[in-house]
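# A look at the structure
Spelled out from the first residue to the last, the chains are:
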Amino acid sequence: MALVLDGGKWVLQAPSSGGSEYDKTLTIIDLTDGSWTLYDPDSLIDTTYGTNGVTFASDFNTIQFNNLAVGSSNYNWVGSVHRAPRWYKTLTINGNDVAGEDTLTGVFRIEDDDTVSDFNRRLILGWSEDPTAVAASGTIITAASYNRSEGSAPLHGAFSYQSDSSISDANGAYVVANLMRKKYADLGGGYYIIYNSSDSVLRVGTAGGTLGFNNAGVTMKLIVGVGPRLNTSIIPAGSLFKAKLSYLVSTIVTT
Amino acid sequence: MKVDYSSLIKDVANASLDENDDDFLIEGYSLKICLSYDEVDALLAAYDPVDPNSPAEATSREITRVILNALKKYRESHP
């Protein structure tokens with residue numbers, strides 16, 4: 001066993017044996033644990049609620065929004081402008097900051113609680129080169145994704161750069177997306193499986209990657225981005241978005 | 001020119017930007033079309049985007065039939 005610094009916390013870990021690992025579990029994201037930074041350039045999050053706009057209970061984060069009276073492409077993650085709110089932190093594995101040059105793989109899981117969430121919404125969970133940028137050319141995101149219009153079936157999928165591909169299924173309960181990237185060579189894309197509430201597979205899909213937009217000399221960040229689903233979607237004041245978010249990431253030595 | 005039939009799926013929402021950087025969200029079917037270098041060279045050489053009669057009727061019909069045949073088969077087997 002080894003004591004390692006992981007995401008700002010000391011954890012006891014079994015030494016890596018290389019090769020494959022069996023039954024790895026995902027890390028649950030708690031946006032209130034002090035390790036996450038909120039970047040919200042246009043104040044769409046109600047920071048008077050909980051911790052920086054979030055409460056956490058039973059593995060679910062509940063986010064409260066301010067009023068967005070007029071929809072805008074600025075807040076739809078799909079598109080070239082990225083001014084929607086996001087939480088981020090440095091992507092650290094066993095005490096090592098992950099660099100843009102690393103070959104990175106990751107599994108990301110999103111489970112929305114529709115009994116609480118109550119507006120036409122979108123969420124991405126993945127990694128970013130610069131989560132404080134306000135354009136897709138700076139944020140460079142690859143992510144699992146969720147979006148839904150109230151009254152319609154939920155859509156689960158994957159997000160890359162400024163595009164999202166997701167599949168609609170009324171029984172979709174959560175998505176698990178497998179993502180991959182390396183500086184300059186591959187900007188992710190992803191394969192995803194949509195499960196029902198009994199953990200059975202409903203649908204599978206892919207989202208294509210976008211090549212060649214990566215920046216130099218970056219430290220990778222985890223990112224949780226939220227916002228309206230469409231350019232025209234509004235957010236009534238006090239709207240909530242409740243979701244369970246988790247991940248497992250690894251860097252790979254390919255030589 | 002072929003449609004990759006195994007990649008044809010429905011209930012998919014593709015949200016992205018087109019070649020003019022205009023954003024779109026289309027919910028429905030998604031399919032992948034595969035074209036050889038020679039086919040693209042020939043299609044583009046004969047295409048004039050400012051001519052409303054371009055591409056030629058035969059070319060339009062060839063492209064359309066490839067897509068429609070795949071969609072028709074998919075719809076018949078996925079009612």
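Check the entry above for the structure.
Report follows, based on the coordinates. Please read these numbers as outputs of a predicted model, since none were measured by experiment.

How each quantity is defined
- Residues numbered from 1 in each chain as written.
- Chains lettered and ligands numbered in written order.
- Predicted model: local features only at pLDDT ≥ 70, side-chain atom pairs only at ≥ 80, totals over all residues.
- Helix = DSSP H or I, 4+ residues; strand = E, 2+ residues; numbered from the N terminus.
- Buried ≥ 20, exposed ≤ 12 C-beta atoms within 10 Å, placed from the backbone.
- Pairing = 2+ DSSP bridges.
- Axes fitted to C-alpha atoms, helices over the stretch in contact; angles between N-to-C directions.
- Core = buried A, V, L, I, M, F, W, Y, C linked by C-beta atoms within 7 Å.
- Contact = placed C-beta atoms within 7 Å.
- Nonpolar A, V, L, I, M, F, W, Y, C, P; charged D, E, K, R; others polar.

### Quick notes on unusual backbone geometry
- Along the chain, Ser-54 of chain B connects to Pro-55 of chain B via a cis peptide bond; the corresponding omega equals 5°.
- You can see Pro-55 of chain B is positioned in the loop between helix 1 (37–45) and helix 2 (57–77).
- The backbone of Asn-94 of chain A sits at a positive phi, close to 50°, despite the residue not being glycine.
- Residue placement: Asn-94 of chain A occurs in the loop between strand 8 (92–93) and strand 9 (96–97).
- One non-glycine residue, Asp-199 of chain A, lies in positive phi territory at about 65°.
- Among the secondary structure elements, Asp-199 of chain A is positioned in the loop between strand 16 (190–195) and strand 17 (201–207).
- A tally of 8 C-beta atoms within 10 Å means that Asp-199 of chain A is categorised as exposed.

### Topic: the sheet that holds strand 4 (residues 37–39) of chain A
- Read from one edge to the other, the open sheet built from nine strands follows the order 4(A)-7(A)-18(A)-11(A)-12(A)-13(A)-14(A)-2(B)-3(B), with strand pairing classed as antiparallel. A strand with exactly one partner marks an edge of an open sheet, and here the two such strands are strand 4 of chain A together with strand 3 (23–30) of chain B. Recorded for the sheet is a direction-independent mean angle of 20° between the axes of neighbouring strands.
- Bridge count between strand 7 (residues 86–90) of chain A and strand 18 (residues 221–228) of chain A: five bridges; the pairing is antiparallel. The partner of Trp-87 of chain A across the bridge, within strand 18 of chain A, is Val-224 of chain A.

### Regarding the nonpolar core
- Formed by 58 residues in total, the largest nonpolar core has its most connected members in Ile-110, Leu-125, Ala-143, Ala-144 and Val-175 of chain A.
- Setting aside its immediate chain neighbours within four residues, Ile-110 of chain A contacts Leu-123, Leu-125, Ala-144, Tyr-146, His-156, Tyr-174, Val-175, Ala-243 and Leu-245 of chain A.

### Observations regarding the interface of chain B and chain A
- Opposite the 12 residues of chain B that make contact, chain A presents 16 residues.
- Where the side of chain B that touches chain A is concerned, the elements lending two or more residues are strand 2 (9–17) and strand 3 of chain B.
- For the side of chain B that touches chain A, the residue count by class is six nonpolar, two polar and four charged.
- Pairing between strand 14 (residues 163–168) of chain A and strand 2 of chain B: four bridges, direction antiparallel.

### Here's the deal with the pairing of strand 10 (residues 103–112) of chain A
Residues and elements named next belong to chain A.
- Burial of strand 10 is extensive: seven of the 10 residues sit out of reach of the surface.
- One ladder, built from 10 bridges, connects strand 10 with strand 19 (residues 240–252); its direction is antiparallel. The partner of Val-107 across the bridge, within strand 19, is Leu-248.

Note that all results are geometric; they support no functional claim without further evidence.
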